[in-house]
Amino acid sequence: MSRVNHVLKVGRNNFKPPPKVDSSVVRIEPMKPMPNINFLEWDGLTRIVFTRKNKSLAAIFKSKSVLELLTKNYSIFCSLKNTPVPEDFDIKSKLEEIYEETGMRETRSRTMSNDQLLKLLESFNSRGIHFSS
């Protein structure tokens, strides 16, 4: 988790032999203080939401493979906590609760800030939905 700033452009003529593209110099500064999160969870969430970065979150989490993954991870979480999975468990209703709480149903991944992604991860985790096993 870092802040990235564009410093300057470097033209292709500054290299021998010149590449076919221009380059840039960027400054990468780690966030201070680092958020207290599980980085495997962070990685799992960002992989899912940025796979289709131009789609809304609702569309991303509607895909069959993502729903199956979240359901499986919820079952694993329940078994680790020695609690049974509720018989009426429906991952789609959990997702609806998350959209309501965060207001991010139509948000597109490419427009989200780190703070919004952290809020989304916290909302998932508070409902027992995790992105790593």
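The structure under discussion appears in the preceding block.
Just so it is clear, the model here is predicted, and its values are computed rather than measured. (Residues numbered from 1 in each chain as written. Predicted model: local features only at pLDDT ≥ 70, side-chain atom pairs only at ≥ 80, totals over all residues. Heavy atoms only, no water.)

Caption draft 1: View of the packing of helix α3 (residues 64-80) against helix α4 (residues 91-102). α4 packs onto α3 with a crossing angle of 95° between their chain directions and a minimal axis gap of 10 Å. As far as their axial angle goes, α4 and α3 are roughly perpendicular. Touching Leu67, Leu70, Thr71 and Tyr74 of α3 are Ile91, Lys92, Lys94 and Leu95, all from α4. Per-class residue counts for the contact of α3 with α4 are five nonpolar, one polar and two charged. (Axes fitted to C-alpha atoms, helices over the stretch in contact; angles between N-to-C directions. Helix = DSSP H or I, 4+ residues; strand = E, 2+ residues; numbered from the N terminus. Parallel < 35°, antiparallel > 145°, perpendicular 65-115°, else oblique. Contact = heavy atoms within 4.5 Å. Nonpolar A, V, L, I, M, F, W, Y, C, P; charged D, E, K, R; others polar.)

Caption draft 2: Region of the structure containing the packing of aromatic side chains. Counted according to the given criterion, the structure contains three aromatic pairs. Ring centres of phenylalanine 61 and phenylalanine 124 lie 5.1 Å apart, and the angle between their planes is 40°; this geometry places the pair in the tilted category. Residue phenylalanine 61 is located in the loop between α2 (57-60) and α3, and its partner phenylalanine 124 is located in helix α5 (residues 114-126); the two are separated by 63 residues in the primary sequence. Look at phenylalanine 61 and you get buried, because its relative accessible area is 1%. Members of the aromatic cluster, each reached through a chain of ring pairs, are Phe61, Phe124 and Phe131. (Phe/Tyr/Trp six-rings, centres within 6.5 Å; stacked < 30°, edge-to-face > 60°. Buried < 20%, exposed > 50% of the residue type's maximum accessible area, 1.4 Å probe, protein only.)

Caption draft 3: Molecular detail of α3. Counted at 1.5 Å a residue, the expected span for α3 with its 17 residues is 24 Å, and the 24 Å between its end C-alpha atoms agrees. Residues of α3 that are buried include every one of Val66, Leu67, Leu70, Asn73, Tyr74 and Cys78, and no others. The buried side chains of α3 occupy one side of the element, clustering within an arc of 140° when seen end-on. Projecting away from the buried face of α3 at angles above 90 degrees are the exposed residues Lys64, Ser65 and Leu80. Buried positions along α3 lie against α1 (39-51), α2, α4 and α5. Just past α3, the residue asparagine 82 takes up positive phi, approximately 55°. (Expected span 1.5 Å × (residues − 1). Arc of directions from axis to C-beta.)

Caption draft 4: Just the nonpolar core, in detail. In this structure, Leu45, Leu57, Phe61, Leu70, Leu120, Phe124 and Phe131 are the most contacted members of the largest nonpolar core, which totals 29 residues. Looking at this core, the elements with two or more residues in it are α1, α2, α3, α4 and α5. Those residues in contact with leucine 57, other than ones at most four positions away along the chain, are Val49, Tyr99, Met104, Arg105, Thr107, Ser109, Met112 and Leu120. (Core = buried A, V, L, I, M, F, W, Y, C linked by side-chain atoms within 4.5 Å.)

Caption draft 5: Representation of a nonpolar patch on the surface within the structure. On the surface, a cluster of nonpolar side chains totalling about 280 Å² of accessible area is made up of Val4, Val26 and Ile28. On the accessibility criterion, isoleucine 28 (56% relative accessible area) is exposed. (Patch = residues over 30% accessible without salt bridge, like charges linked within 9 Å, V, L, I, M, F, W, Y side chains within 5 Å. Areas by Shrake-Rupley, 256 points an atom, 1.4 Å probe, with all protein chains shown as cover. Salt bridge = Lys/Arg side-chain N within 4 Å of Asp/Glu carboxyl O.)

This is a description of form; function is not addressed.
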